Amino acid sequence: MTALFGLDLKDKPILIVGGGSVASRRVRRFVAEGARVTVVAPHISDDIERHAGHGDIVVHRRGVAPQDLDGAWFVLAATDDPVLNDAVAQWAHERQIWCIDASDASKGTARQAAMSKHGDLGVGVISLGAPDPGRIRAVRDAVAAHLDGGEVDLRRRRPGSGRVILVGSGPGDPGLITVRGRQALSEADVVVTDRLGTAELLVTVPYDVDVVNVGKSPDRHPVPQREINSLLVGRALEGKTVVRLKGGDPYLFGRGGEEVHACIKAGVDVEVVPGITSAFAVPARAGIPVTQRGVSTSVLVTTGHAGADPASIAAMAAGATVVILMGVTALPGIVDAAIAGGCDPETPVAIVENGTTVHERVTHGVMADIVRRADETDVKPPAIIVVGQVSQPGLLASAVAATPEL
Ligand SMILES: C[S@@+](CC[C@H](N)C(=O)[O-])C[C@H]1O[C@@H](n2cnc3c(N)ncnc32)[C@H](O)[C@@H]1O
């Protein structure tokens, strides 16, 4: 009869006998779990050496003896000698210590589980019959893919203390949210969102999850930040898991800091899941690398909401890449200030609207004519403006050819 348990390995003494590839993999796992690992083997792998060098584990470079097991809570017999592994398993049995025998599961008292972690959930798969590591890993991977795909309802069934998770949803393409972001969405009792672009991500959210839209719509002003903060805190204090879904990365012009502050002030548990920011992803998807060897070695990200600030003007004049968010309305003023501040009027500029979505559109120009071109194409927010040589059309085709060592 075999049962699956979640053992707490933190600070527990674990003995690994053997220093090869199986032992290396296990050392990594046990160290990650916070165990106090001792390895005994005449020869040890480079990987195990590295752990020993970092002080993560203790290594004895010699053959194993029965007394090495004294005081251990768990033993892994992972040498390339099945007879020795069986002897270690026998010594463990005599001392009532759980033991995995890597060469014959039936000789040990524990079996290796294939594991994966998903937020605060762990999945473990073991074979109840003959050991078959490839098979249990395949099952683990299938379950993991299902959980990470956001298709499983991971809401807590037992009441607990509420929490807020700020999730960066990425720039628009629903494939560009992080794995942890998707997991968080499937844990949500409440989702507070402010972006039409996140609608596709909400398709898999169960029908009884409360989705609150606090964003601007054609017939409504956005909800003031103060009210959003109290909504997040209030629902969390009711014991709910509240996901605050935000475009791009929560901290880049996203007011995420204010929301986190409100949670901390109210004593509400808060987690931040970083997102792929539109500042880099939108140009990247449009074929614009924000830095490029031999073209631009620095990048400044700014808001154009209130025009161009002195740091951005200086960066544009110096030939750095400048990525401007929320700059469509103020574009004429930004261009005037940049040229007056020394920016070459022939500096390439690209404007990417609705980047990474099916509505993506790119308008190219140079500083001197970009306002006219934007008028002609009727550029509208949301858009990213990229100023600098990296914005010249066809740069990658020519730059890669010119720098073959890249
Ligand atoms: C309030 S800021 C939020 C930025 C976000 N936190 C991020 O990291 O991407 C909103 C601005 O981001 C830019 N933006 C966001 N998503 C975009 C997209 N898919 N295409 C173009 N610009 C985008 C626009 O300049 C928009 O006005």
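Just so you know, these numbers come straight off a predicted model, no measurement behind them.

*Asks:* Could you clarify how one ought to interpret the sheet that holds strand S13 (residues 299–303) in this entry?
*Replies:* Two orientations exist for strands paired in a sheet by backbone hydrogen bonds: parallel and antiparallel. Strand order across the open sheet formed by 5 strands is S13-S14-S17-S15-S16, with mixed pairing between neighbours. With partners counted over all chains shown, the strands left at the sheet margins are S13 and strand S16 (361–366), one partner each. Within the sheet, the average angular offset between the axes of one strand and its neighbour, ignoring direction, is 20 degrees. As paired elements, strand S15 (residues 348–353) and strand S17 (residues 383–387) share 5 bridges and run antiparallel to each other. Bridging across to S17, isoleucine 351 finds its partner in isoleucine 385. The sheet strands contacting helix H11 (residues 370–377) are S15 and S16, and the helix crosses S16 at an angle near 150 degrees.

*Asks:* I tried to follow the environment of alanine 78 on my own but got confused; where do I start?
*Replies:* Looking at the element boundaries, alanine 78 is found in the loop between strand S4 (74–77) and helix H3 (82–94). Separated by 52 residues in the primary sequence, alanine 78 and arginine 26 have C-alpha atoms spaced 9.3 Å apart. Setting aside anything within four residues of it in sequence, one finds alanine 78 in contact with Val17, Gly18, Val22, Ala23, Asn85 and Ala102.

*Asks:* What is the right way to look at the sheet that holds strand S11 (residues 241–246) in this model?
*Replies:* In spatial order, the strands read S10-S9-S11-S8-S12; together these 5 strands make up an open sheet with parallel pairing. Sheet topology places strand S10 (210–213) and strand S12 (269–273) at the edges, where each strand pairs with a single neighbour. Between one strand axis and the next, the sheet turns through 20 degrees on average, direction left out of account. Where strand S9 (residues 190–193) meets S10, 4 bridges bridge the pair, whose relative direction is parallel.

*Asks:* Which parts of the structure should I look at to understand unusual backbone geometry?
*Replies:* Excluding glycine, a negative phi dihedral is what most residues carry, and trans is how most peptide bonds are arranged. Residue proline 382 is reached from proline 381 by a cis peptide bond, and omega for that bond is 0 degrees. The topology assignment puts proline 382 in the loop between H11 and S17. Located in the positive-phi region is aspartate 11, a residue other than glycine, with phi close to 65 degrees. Position of aspartate 11 among the secondary structure elements: in the segment before strand S1 (13–17). Residue aspartate 11 is classed as partly exposed on the basis of its relative accessible area of 46%. We note that phenylalanine 253 has phi near 45 degrees; this positive angle belongs to a residue other than glycine.

*Asks:* Quick question: what am I supposed to make of the nonpolar core here?
*Replies:* Nonpolar side chains in soluble globular proteins generally cluster together in the buried interior. Grouped together as the largest cluster of nonpolar side chains are 21 residues, with contacts concentrated most on Met316, Leu331, Ile351, Met367, Ile385 and Val387. Only helix H9 (310–317), strand S14 (321–325), helix H10 (331–340), S15, H11 and S17 provide two or more residues apiece to this core. In terms of residue count, H10 provides more of this core than any other element does, 4 residues in total. Discounting residues that sit within four places of it in the chain, methionine 316 has contacts with Ala308, Val322, Ile334, Ala338, Cys343, Met367 and Val387.

*Asks:* How should the side chain of arginine 180 be read in this particular structure?
*Replies:* Locating arginine 180 in the fold gives a position in helix H5 (residues 179–187). Among the residues examined, arginine 180 registers a relative accessible area of 19% and is labelled buried. The contact partners of arginine 180, leaving out residues within four places of it in the chain, are Gly119, Ile165, Glu187, Glu271 and Val273.

*Asks:* Is there a simple way to explain the site of the ligand in this structure?
*Replies:* Taken together, 18 residues lie near the ligand, and Pro171, Leu252, Thr277, Ser278 and Ala383 sit nearest. A distance of 2.7 Å is found between an oxygen atom of the ligand and a backbone nitrogen or oxygen belonging to alanine 383. The protein chains hide 87% of the 570 Å² of surface that the ligand would expose on its own. Of all the secondary structure elements, the ones that give two or more residues to the shell around the ligand are helix H8 (278–285) and S17. Classifying every residue of the shell around the ligand gives 10 nonpolar, 6 polar and 2 charged. Taken domain by domain, the shell around the ligand gets at least three of its residues from each of domain 2 (163–276) and domain 3 (280–397).

*Asks:* Quick question: what am I supposed to make of the pairing of strand S8 (residues 163–168) here?
*Replies:* Residues in a regular strand project their side chains so that they alternate between the two faces of the sheet. Across the 6 residues that make up S8, a large majority, 6, are buried. Side chains Arg163, Ile165 and Val167 project from S8 onto one buried face, and the interleaved Val164, Leu166 and Gly168 project onto a second face that is buried too. Pairing of S8 with S11 involves 6 bridges; the strand directions are parallel. Following the sheet pairing, valine 164 is matched in S11 by valine 242. In the sheet, S8 pairs with S12 via 5 bridges, with the strands oriented parallel. Residue pairing across strands places leucine 166 opposite valine 272, the latter belonging to S12.

*Asks:* I keep staring at H9 and nothing clicks. Help me out?
*Replies:* Helical geometry: 3.6 residues make up each α-helical turn, so side chains three or four residues apart lie on a common side. Of the residues making up H9, those classed as buried are Ser312, Ile313, Ala315 and Met316. Looking straight down H9, one finds its buried side chains confined to an arc of 165 degrees; they lie on one side. Along its buried surface, H9 packs onto S13, S14, H10 and S17. Where H9 terminates, the next one or two residues include glycine 319, which has phi positive at roughly 85 degrees.

*Asks:* Any chance you could explain the packing of aromatic side chains here in plain terms?
*Replies:* Each aromatic ring pair is summarised here by two numbers: the centre-to-centre distance and the angle between the ring planes. Applying the stated criterion across every chain yields a total of 1 aromatic pair. Sitting over the ring of tryptophan 73, lysine 12 keeps its end group 5.4 Å from the ring centre.

*Asks:* How should helix H4 (residues 133–148) be read in this particular structure?
*Replies:* Its 16 residues place the ends of H4 22 Å apart at the C-alpha level, agreeing with the 22 Å of an ideal helix rising 1.5 Å per residue. Among the residues of H4, those classed as buried are Ile136, Arg140, Ala144 and Leu147. On an axial view of H4, the arc spanned by its buried residues comes to 70 degrees, and they lie on one face. Looking at the buried side of H4, the elements it contacts are strand S6 (114–118) and strand S7 (121–125). Looking one or two places after H4, you find glycine 150, whose phi comes out positive at around 80 degrees.

About the thresholds
- Residues numbered from 1 in each chain as written.
- Predicted model: local features only at pLDDT ≥ 70, side-chain atom pairs only at ≥ 80, totals over all residues.
- Heavy atoms only, no water.
- Pairing = 2+ DSSP bridges.
- Helix = DSSP H or I, 4+ residues; strand = E, 2+ residues; numbered from the N terminus.
- Axes fitted to C-alpha atoms, helices over the stretch in contact; angles between N-to-C directions.
- Contact = heavy atoms within 4.5 Å.
- Buried < 20%, exposed > 50% of the residue type's maximum accessible area, 1.4 Å probe, protein only.
- Core = buried A, V, L, I, M, F, W, Y, C linked by side-chain atoms within 4.5 Å.
- Near = heavy atom within 4 Å.
- Polar contact = N/O pair within 3.5 Å; in protein donor to acceptor, adjacent residues only side chain to side chain.
- Areas by Shrake-Rupley, 256 points an atom, 1.4 Å probe, with all protein chains shown as cover.
- Nonpolar A, V, L, I, M, F, W, Y, C, P; charged D, E, K, R; others polar.
- Domains from an automatic or database assignment.
- Arc of directions from axis to C-beta.
- Phe/Tyr/Trp six-rings, centres within 6.5 Å; stacked < 30°, edge-to-face > 60°.
- Lys NZ or Arg CZ within 6 Å of the ring centre and 35° of its normal.
- Expected span 1.5 Å × (residues − 1).

By themselves these figures say nothing about function.
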